[in-house]
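# Residue-level structural notes
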Number of protein chains: 2
Amino acid sequence: MFPFRVIDEASVRKLLDMKNVIELVERAYTLKEQKEASLFPMVFHEFAPGKADMDIKSGHLKGAHIFGLKLVSWFGDNPSKELPALVGFVMVLDSDTGVPKGMMSGEPVTLMRTGAAGGIGAKYFARPESENLLLVGSGHLAPYEIMATLLTMKHIKKVTVYNANSYERAAAFCATAKDKLKTMFLPPYQNDQELYQTLLDRIDIEYVATDNIRAATEEADIIITATPSHKPIIMKEWVKPGTHFSCVGADMAGKQEIDENLFSSARVFVDDVTQAINVGETKVAVQKGLITQNDIISEIGSVILGKTPGRLSDQDITIYDSTGISLQDLITADYVLKKAEEQGIGTVAQL
Amino acid sequence: MFPFRVIDEASVRKLLDMKNVIELVERAYTLKEQKEASLFPMVFHEFAPGKADMDIKSGHLKGAHIFGLKLVSWFGDNPSKELPALVGFVMVLDSDTGVPKGMMSGEPVTLMRTGAAGGIGAKYFARPESENLLLVGSGHLAPYEIMATLLTMKHIKKVTVYNANSYERAAAFCATAKDKLKTMFLPPYQNDQELYQTLLDRIDIEYVATDNIRAATEEADIIITATPSHKPIIMKEWVKPGTHFSCVGADMAGKQEIDENLFSSARVFVDDVTQAINVGETKVAVQKGLITQNDIISEIGSVILGKTPGRLSDQDITIYDSTGISLQDLITADYVLKKAEEQGIGTVAQL
C-alpha cells in the first residue's frame with residue numbers, strides 16, 4: 001500500500017500563483033526541447049457529438065522524475081444539473097518507480113497553465129515595448145491570460161476585451177477586471193511588498209470592451225485568443241505588422257480562432273508540432289496547404305533555450321499556437337503536491 | 001468540489017469474490033457485444049526497454065453508466081527497492097456527468113478479472129465434462145485462474161502446473177495449492193454453507209507439478225496459459241482433439257505462449273478483435289498469415305449471448321485469446337466502489 005494525496009479544487013487554487021506557474025511551464029517546455037520529456041498519444045472520446053466528450057492527455061517529464069495524465073470531461077448539459085460542464089483531474093506518478101504520488105482537481109491547474117502559456121508566448125514573441133493587449137474571449141480563461149501577460153510584459157497600458165457573442169459580457173468583465181485580478185492573483189505576494197506593488201501597478205490600467213473587432217485588431221500589439229470558436233474571428237487584412245498572437249483556444253479538430261491565411265506570412269511557433277497540426281490552430285493552415293509542417297519555425301522550448309530566434313524584426317507577425325500539453329499540467333501538479341505535502345494540505349489516503 | 005473515494009489494496013481484495021467477478025466480467029463482455037460499451041485506444045510507453053513501462057487502458061461502459069481507465073506500471077527493478085514491480089490503479093467516472101466517482105488499487109482488480117476471463121473461456125468453449133486442467137505458469141495469476149475454472153467447470157479432477165523456468169516453483173505452488181485457494185477465495189462464502197461446501201469439494205482435488213509439458217499437454221482437456229513468455233511453450237503436435245485454451249498472458253506485442261500453428265485449425269475467439277491482433281496471442285498467427293482477422297470466429301460476448309456457437313464438436317480445438325480489456329476492470333471497480341460505499345470502506349476525499 002502507498003500513501004496517496006488527494007487535493008481539492010479550492011486548495012489547488014490556494015497553492016498556485018501565476019509567477020511560479022509561468023516558471024514551471026517554461027521549464028516543461030525546455031525539458032521537452034532537451035528530450036527530457038515526452039508526450040504520449042492523446043485519447044479522445046465523444047459520448048454524444050457536440051454534447052459530451054472527454055480526453056486523456058498523458059506524458060513523461062523525465063527531467064522532473066514524474067509521469068501522469070490529465071483527464072478532462074466536458075458535459076454540456078451539466079450546468080442544468082448544477083454541475084460544472086468541465087470536470088477533470090491530474091494524476092502524478094513517480095517515473096523512477098511507477099508509484100502514484102497524488103491527484104488533484106484539474107480545473108485550476110488547467111486555467112493557470114493555460115494562462116501562463118499565453119503570457120509566455122507574449123514574452124518570447126511579442127515586441128518588448130508592446131502596450132495594447134487584445135483579449136478575444138471573456139470567459140473563465142480571460143483573467144488568467146491577462147494576469148500572465150501583465151507579469152511577462154512590462155509596458156501594457158490597455159487591455160481590450162472582445163466577446164464575439166456578447167458585448168455585454170465583455171463590458172461586464174471589464175467593469176470588474178481590476179478588482180478581479182487583484183483578488184484572484186495578488187494574495188500570494190502579500191509578503192513581498194515590492195513585487196506586490198509592481199503587480200498592483202501593472203493591473204492598474206485601462207480595461208475596455210469592444211464590439212469592433214476590426215478596430216481592436218488594428219490597434220493591438222498582442223492578441224490572445226481564448227475561445228471555443230469553430231470559425232476565424234480575426235481576419236488577416238486587419239492585422240498590423242509587428243502583431244503577436246498567442247492562440248490558446250484551439251485544442252481539438254474543428255476549432256479555429258484566427259484567419260488561416262495569417263499563417264502564410266507569419267513566424268509560427270507551437271508547443272508541440274504533432275498536436276498543433278492535429279488539433280491546434282495550425283491544423284487548418286496545414287490542411288489547406290497554406291503552410292507545411294516544415295514552415296513551423298520551432299517549438300517554443302527551442303526559443304526559450306536561445307537555440308531558435310523568436311521574432312526577427314519589429315515588422316514580423318508572430319503566432320504562438322498553444323494547444324496545451326500534458327507536461328504543463330504534470331509539472332504544475334507536481335509543484336502543488338510538493339507544496340501540499342509541506343503544508344499538510346489535502347487528504348492522504350492509502351492505495 | 002466532489003466527494004471522491006480511494007480504496008486501498010487490502011480493502012479491494014476483501015470486497016471482491018470470484019463468483020461475482022465472473023458474473024461482472026461476463027456482463028462487460030456482453031455489453032460490448034451489444035454496443036453498450038467501447039474501448040478507447042491504449043496508451044503504451046516504455047521508460048527503459050525491457051526494464052520499465054506503463055500502459056493506460058480506458059473505455060466506456062455505457063450500459064453501466066461509467067467510464068474510466070486503468071494505469072499499470074511495470075518497473076523491473078522495484079523489488080530491489082522493496083516495492084512491487086507492478087503498480088496500478090483503476091479510476092471510475094460517471095458517464096452521465098463526467099464526475100470522478102473513485103479510484104482503487106489496480107492489482108487485485110487485475111488479478112481477479114484476469115482469473116475470471118480464463119474461467120469464462122473454459123465455461124463457454126471447453127468440453128463440459130473436462131477433468132484435466134493444465135496451468136502454464138505458477139505465478140501470481142495461477143490461483144486466480146484455477147479458482148475461476150473450478151467455479152465454472154464442475155468436473156475438474158486434476159490440476160497440472162508447469163513452470164517453464166522452474167519445476168521447483170511449480171512443485172512449491174502445488175504443495176500448498178489447496179490451502180491457498182481455500183484461504184484466498186472461500187471466506188466470502190462462509191455465510192452460504194451450501195456454496196461453501198461445493199467449492200471446498202471442488203478445491204479438494206489433485207495438484208501436480210510437471211516438468212514434462214508435452215505429456216501434460218497430451219493429457220489436458222483445458223489449458224490456461226498465464227505467463228509473460230515471449231516464445232511458444234506448447235507445440236501444436238502435442239495437442240489432442242477437443243482441447244480448450246484460455247490464453248491470458250499475452251497483452252503486448254512480442255508476447256506469445258502457444259504455437260501459432262494451432263490457430264490454423266482451431267476455433268478462435270477473442271475478447272476484443274483489435275487488441276487481439278495488435279497485442280494478443282492471435283497477433284503472431286495473423287502476422288505470419290496463418291489466419292486472417294476474418295478467421296476469428298467472434299468476440300466472446302457473442303457466444304455468451306448465444307449469437308455465435310462456441311465449440312461445434314468434442315473434437316474441436318478452441319482458443320480463447322483474452323488480452324484483457326478495460327471494460328473488465330471498470331465493471332469490477334464499479335462493483336467495488338458500490339460495496340465500499342455500502343460498508344463505509346476507503347477514504348472519502350474531496351476533489
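Because the structure is a prediction, the values reported are computed rather than measured.

The rules behind each value
Residues numbered from 1 in each chain as written. Chains lettered and ligands numbered in written order. Predicted model: local features only at pLDDT ≥ 70, side-chain atom pairs only at ≥ 80, totals over all residues. Heavy atoms only, no water. Helix = DSSP H or I, 4+ residues; strand = E, 2+ residues; numbered from the N terminus. Rg over C-alpha atoms; globule rule 2.2 N^0.38 Å. Buried < 20%, exposed > 50% of the residue type's maximum accessible area, 1.4 Å probe, protein only. Contact = heavy atoms within 4.5 Å. Lys, Arg positive; Asp, Glu negative; His and termini not counted. Charge placed at Lys NZ, Arg CZ, Asp CG, Glu CD. Buried area = accessible area lost by both parts, 1.4 Å probe. Salt bridge = Lys/Arg side-chain N within 4 Å of Asp/Glu carboxyl O. Polar contact = N/O pair within 3.5 Å; in protein donor to acceptor, adjacent residues only side chain to side chain. Pairing = 2+ DSSP bridges. Axes fitted to C-alpha atoms, helices over the stretch in contact; angles between N-to-C directions. Least-squares fit on C-alpha atoms with pLDDT ≥ 70 in both. Domains from an automatic or database assignment. Phe/Tyr/Trp six-rings, centres within 6.5 Å; stacked < 30°, edge-to-face > 60°. Left-handed = near helix turned anticlockwise from the far one by under 90°. Nonpolar A, V, L, I, M, F, W, Y, C, P; charged D, E, K, R; others polar. Arc of directions from axis to C-beta.

### Quick look at the overall build of chain A
Per the secondary structure count, chain A includes 12 helices and 18 strands. What you see for chain A is a C-alpha radius of gyration of 19 Å, in line with the 20 Å of a compact globule of 351 residues. Referenced to the eigenvectors of the C-alpha coordinate spread, the extents of chain A come out at roughly 60 × 45 × 45 Å. By residue count, 62% of the 351 residues in chain A fall in the buried class. A separation threshold of at least 6 residues defines the contact pool for chain A, and within that pool the share at least 24 residues apart is 74%. Each charge sign in chain A was given a centre, from 36 positive and 46 negative side chains, and these centres are 1 Å apart.

### Let's talk about the interface of chain A and chain B
Contacts between chain A and chain B engage 44 residues on the former and 44 residues on the latter. Of the roughly 3500 Å² buried between chain A and chain B, counting both surfaces, carbon and sulfur atoms make up 80%. At the surface where chain A touches chain B, the tally comes to 0 salt bridges. The interface formed by chain A and chain B includes 6 residue pairs in polar contact (both at pLDDT 80 or more). For the side of chain A that touches chain B, the secondary structure elements donating two or more residues are strand S1 (3–7), helix H1 (9–15), strand S3 (43–48), strand S4 (52–61), strand S5 (66–75), strand S6 (86–94), strand S7 (100–105) and strand S18 (347–350) of chain A. At 5 residues, S5(A) tops the list of elements feeding residues into the side of chain A that touches chain B.

### Remarks on the sheet that holds strand S17 (residues 318–321) of chain B
All names here are of chain B. With respect to topology, 8 strands assemble into an open sheet ordered S10-S9-S8-S11-S13-S17-S15-S16, the strand pairing being parallel. Looking along the sheet, the strands with just one partner apiece sit at the ends: strand S10 (206–210) and strand S16 (296–299). The sheet shows a mean angle of 20° between the axes of neighbouring strands, direction not considered. Contacts from helix H5 (residues 167–175) reach strand S9 (158–162) and S10, with the element oriented near 175° to S10.

### Quick look at unusual backbone geometry
Residues and elements named next belong to chain A. One non-glycine residue, lysine 35, adopts positive backbone phi at about 60°. Mapped onto the elements of the fold, lysine 35 is located in the loop between helix H2 (18–33) and strand S2 (38–39). Classification of lysine 35 by relative accessible area gives exposed; the value is 68%.

### Examining the relation of the copies chain A and chain B
Once chain A has been moved 0.0 Å along the axis and rotated by 180°, it coincides with chain B to within an RMSD of 0.0 Å. Seen this way, the second copy is the image of the first under a two-fold rotation axis. Both copies present the same face, since 100% of the interface residues in chain A are matched by interface residues at the equivalent positions in chain B.

### Here's the deal with the environment of B:Lys231
Residues and elements named next belong to chain B. Within the element layout of this structure, lysine 231 appears in strand S12 (residues 230–234). Judged by relative accessible area, lysine 231 falls into the exposed class, the value being 61%. Sequence separation between lysine 231 and isoleucine 258 is 27 residues, and the spatial gap between their C-alpha atoms is 7.6 Å. Leaving out residues up to four positions away in the same chain, lysine 231 has contacts with Gln256 and Glu257.

### Observations regarding helix H4 (residues 142–152) of chain B
Of all 11 residues in H4(B), 11 are buried; the element is thus mostly enclosed. Every buried residue of H4(B) is accounted for by B:Ala142, B:Pro143, B:Tyr144, B:Glu145, B:Ile146, B:Met147, B:Ala148, B:Thr149, B:Leu150, B:Leu151 and B:Thr152.

### Details of the domain arrangement of chain A
Residues and elements named next belong to chain A. When its domains are assigned, chain A resolves into domain 1 (3–109 + 327–350) and domain 2 (116–324). For domain 1 versus domain 2, the separation of C-alpha centres amounts to 23 Å. With 20 residues of domain 1 at the contact, the number on the domain 2 side is 30 residues. With both sides pooled, the region where domain 1 packs onto domain 2 buries about 2000 Å², and carbon together with sulfur makes up 64% of that total. The largest per-residue losses of area from domain 1 upon contact with domain 2 belong to Met18, Tyr29 and Glu33, which jointly make up 31% of the total buried on that side. Looking at the side of domain 1 that touches domain 2, the elements that each hand over two or more residues are H2 and S4.

### Some remarks on the packing of aromatic side chains
Residue and element names in this part refer to chain A. Counted by the stated rule, this structure contains 12 aromatic pairs over all chains. Arranged with centres 5.9 Å apart and planes meeting at 35°, the rings of phenylalanine 125 and tyrosine 320 form a pair that is tilted. Remark: tyrosine 320 occurs in strand S17 (residues 318–321) and phenylalanine 125 occurs in helix H3 (residues 107–125); sequence separation between them is 195 residues. What makes phenylalanine 125 buried here is its relative accessible area of 0%. Its relative accessible area of 0% is what places tyrosine 320 among the buried residues.

### Section: the packing of helix H3 (residues 107–125) of chain B against helix H13 (residues 326–343) of chain B
Two measures define how a pair of helices packs: the angle their axes make with one another and the distance between the axes. All names here are of chain B. Their axes nearest at 10 Å, the elements H3 and H13 cross at an angle of 120°. Considering only the axes of H3 and H13, their crossing is right-handed. Contacts between H3 and H13 involve Val109, Thr110, Arg113 and Ala117 from the former and Gln328, Asp329 and Thr332 from the latter. Partitioning the contact of H3 with H13 into residue classes produces 2 nonpolar, 3 polar and 2 charged.

### Things to note about helix H6 (residues 177–185) of chain B
Residues and elements named next belong to chain B. Buried within H6 are the following residues: Ala177, Leu181 and Phe185. Buried residues of H6 fall within an arc of 35° about the axis and therefore sit on the same side. Along H6, exposed side chains directed more than 90 degrees from the buried face belong to Asp179 and Thr183. Buried-residue contacts for H6 involve helix H2 (18–33), H3, H4, H5, helix H7 (193–203) and S10.

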